[in-house]
Amino acid sequence: MPSSVRALYLFRAASEKEPIKYKLVLWLAISTGLRRGELTALEWTDIDFERAKVFINKTTMHVPGHGLITTTPKTPNSSRNITIPASVMTLLRQYKTEQAKLRLAFGSRWGGGEKLFTSDRSGLPMYPSNIRAWFCKFLKRHNLPSIRFHDLRHLSATLLIAQGVHAKAISARLGHSNIGVTMDIYGHLLQSADQGAADAMDQVLTKPKEKKKERA
């Protein structure tokens, strides 16, 4: 079993024991390749439930002395629209219902505005560092290998490559400045996938024809 697929299975099993908010953080990261700052910048208006798309047009960062700052993405291609898998859309709808209950409980004290990801204790927007802290604890709780949260972005790309998705489509989903960046990072995997495709085609071309069953 490819390591990327095995990692996916491990994350899937472990995430079932996590609060829905962090389960959604994990699966959005894996399915879309979003960065931490892009995840914490998301607002409900960035989600198109009818077309199953997420619009990436901003990012957040913590600036000492200024708190959480929202800015435009670092490159023009970082602003992008990504189609969300149906299973993650279902999770999004469930989470929206849960957050609505939290907002009701906070009432006028709610400070998260329309942010997707907020603190359960303060109702304020989450910091990118909050995601990193949770992820480190998540890995330890479930005895998973120690990796960076950013590595989920690479896992996303690796899974797409394994499924035969074209490099241009992968580049667009990740928001790379150009396809050359994608090739520099994942070129060896793309070449390996291409060789695998050639081997699979060779099997089809050289497979002996099945003999027709003789009529009784």
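Residues numbered from 1 in each chain as written. Predicted model: local features only at pLDDT ≥ 70, side-chain atom pairs only at ≥ 80, totals over all residues. Heavy atoms only, no water.

## Describing the environment of Val88
Moving on, step 1. Topologically, Val88 is positioned in helix 4 (residues 86-106).
Moving on, step 2. Look at Val88 and you get buried, because its relative accessible area is 5%.
Moving on, step 3. If we ignore the near neighbours within four places in the chain, the residues touching Val88 are Leu24, Trp27, Leu28 and Ser31. (Helix = DSSP H or I, 4+ residues; strand = E, 2+ residues; numbered from the N terminus. Buried < 20%, exposed > 50% of the residue type's maximum accessible area, 1.4 Å probe, protein only. Contact = heavy atoms within 4.5 Å.)

## A short note on the nonpolar core
Moving on, step 1. Residues Phe11 and Leu39 are the most contacted members of the largest nonpolar core, which totals 39 residues.
Moving on, step 2. Among the elements of the structure, helix 1 (3-15), helix 2 (20-32), strand 2 (53-56), helix 4, helix 5 (128-141) and helix 6 (151-162) are those that each provide at least two residues to this core.
Moving on, step 3. Ranked by the residues each element gives to this core, the list is headed by helix 2, at eight residues. (Core = buried A, V, L, I, M, F, W, Y, C linked by side-chain atoms within 4.5 Å.)

## Quick look at the pairing of strand 3 (residues 59-63)
Residues in a regular strand project their side chains so that they alternate between the two faces of the sheet.
Moving on, step 1. Of the strand pairs in this sheet, strand 3 and strand 4 (residues 67-71) are connected by five bridges, and their pairing is antiparallel. Looking at strand 4, one finds that Val63 is bridged to Gly67. (Pairing = 2+ DSSP bridges.)

## Notes on the pairing of strand 2
Moving on, step 1. Here strand 2 shows a buried face lined by Val54 and Ile56 and an unburied face lined by Lys53 and Phe55.
Moving on, step 2. Between the end of strand 1 (residues 47-48) and the start of strand 2, which pair antiparallel, lie four residues, with Ala52 showing a positive phi angle near 55 degrees.

## Comments concerning the sheet that holds strand 2
Moving on, step 1. On the basis of which strands lie adjacent, the open sheet formed by three strands has the order 1-2-5 and antiparallel pairing. The sheet is open, and its two borders are formed by strand 1 and strand 5 (80-83), each paired with just one other strand.
Moving on, step 2. For strand 2 and strand 5, the ladder comprises four bridges, and the chain directions are antiparallel. Considered in strand 5, the bridge of Ile56 is made with Arg80.

## Comments concerning helix 1
It helps to recall that an α-helix has 3.6 residues per turn; residues three or four apart then point in one direction.
Moving on, step 1. Compared with an ideal rise of 1.5 Å per residue, which puts 13 residues at 18 Å, helix 1 spans 18 Å between its outermost C-alpha atoms and is within 8% of the ideal.
Moving on, step 2. Buried residues of helix 1: Ser4, Leu8, Phe11, Ala14 and Ser15, and no others. Looking down the long axis of helix 1, one finds its buried residues gathered within 135 degrees of arc, a one-sided arrangement.
Moving on, step 3. Buried residues belonging to helix 1 abut helix 2, helix 5 and helix 6. (Expected span 1.5 Å × (residues − 1). Arc of directions from axis to C-beta.)

## Structural notes on the side chain of Gln99
Moving on, step 1. Note that Gln99 resides in helix 4.
Moving on, step 2. Polar side-chain contacts of Gln99 include one of 3.1 Å to the backbone oxygen of Lys115.
Moving on, step 3. Once you skip the residues sitting within four places of it in the chain, Gln99 turns out to touch Trp44, Trp110, Lys115, Leu116, Phe117 and Thr118. (Polar contact = N/O pair within 3.5 Å; in protein donor to acceptor, adjacent residues only side chain to side chain.)

## Some words on helix 7 (residues 167-174)
Moving on, step 1. When helix 7 is considered as a whole, its buried residues turn out to be Ala167, Ile170, Ser171, Arg173 and Leu174. Angular distribution of buried residues about the axis of helix 7 spans 165 degrees; they occupy a single face of the element.
Moving on, step 2. Gly175 occupies a position one or two residues after helix 7 and carries a positive phi of about 75 degrees.

## As for the packing of helix 2 against helix 5
Moving on, step 1. One way to put it is that helix 2 packs onto helix 5 with a least axis distance of 12 Å and a crossing angle of 95 degrees. By the angle between their directions, the pair helix 2 and helix 5 is classed as roughly perpendicular. Between helix 2 and helix 5, the residues in contact are Tyr22, Val25 and Leu26 and Ile131, Trp134, Phe135 and Phe138, respectively.
Moving on, step 2. Partitioning the contact of helix 2 with helix 5 into residue classes produces seven nonpolar, no polar and no charged. (Axes fitted to C-alpha atoms, helices over the stretch in contact; angles between N-to-C directions. Parallel < 35°, antiparallel > 145°, perpendicular 65-115°, else oblique. Nonpolar A, V, L, I, M, F, W, Y, C, P; charged D, E, K, R; others polar.)

## Here's the deal with the packing of aromatic side chains
Moving on, step 1. If you walk through the whole model with that rule in mind, you get 11 aromatic pairs.
Moving on, step 2. Seen in terms of ring centroids, Tyr22 and Trp134 are 4.9 Å apart; in terms of plane orientation they differ by 15 degrees. Their pairing is stacked. Residue Tyr22 is located in helix 2, and its partner Trp134 is located in helix 5; the two are separated by 112 residues in the primary sequence.
Moving on, step 3. Judged by centre distance (4.9 Å) and plane angle (25 degrees), the rings of Trp134 and Phe138 are stacked. Linking Trp134 with Phe138, this pair stays in helix 5, spanning four residues, or about one helical turn.
Moving on, step 4. In this structure Trp134 comes out as buried when scored by relative accessible area, which is 7%.
Moving on, step 5. Looking at Phe138, the relative accessible area reads 0%, which means it is buried. (Phe/Tyr/Trp six-rings, centres within 6.5 Å; stacked < 30°, edge-to-face > 60°.)

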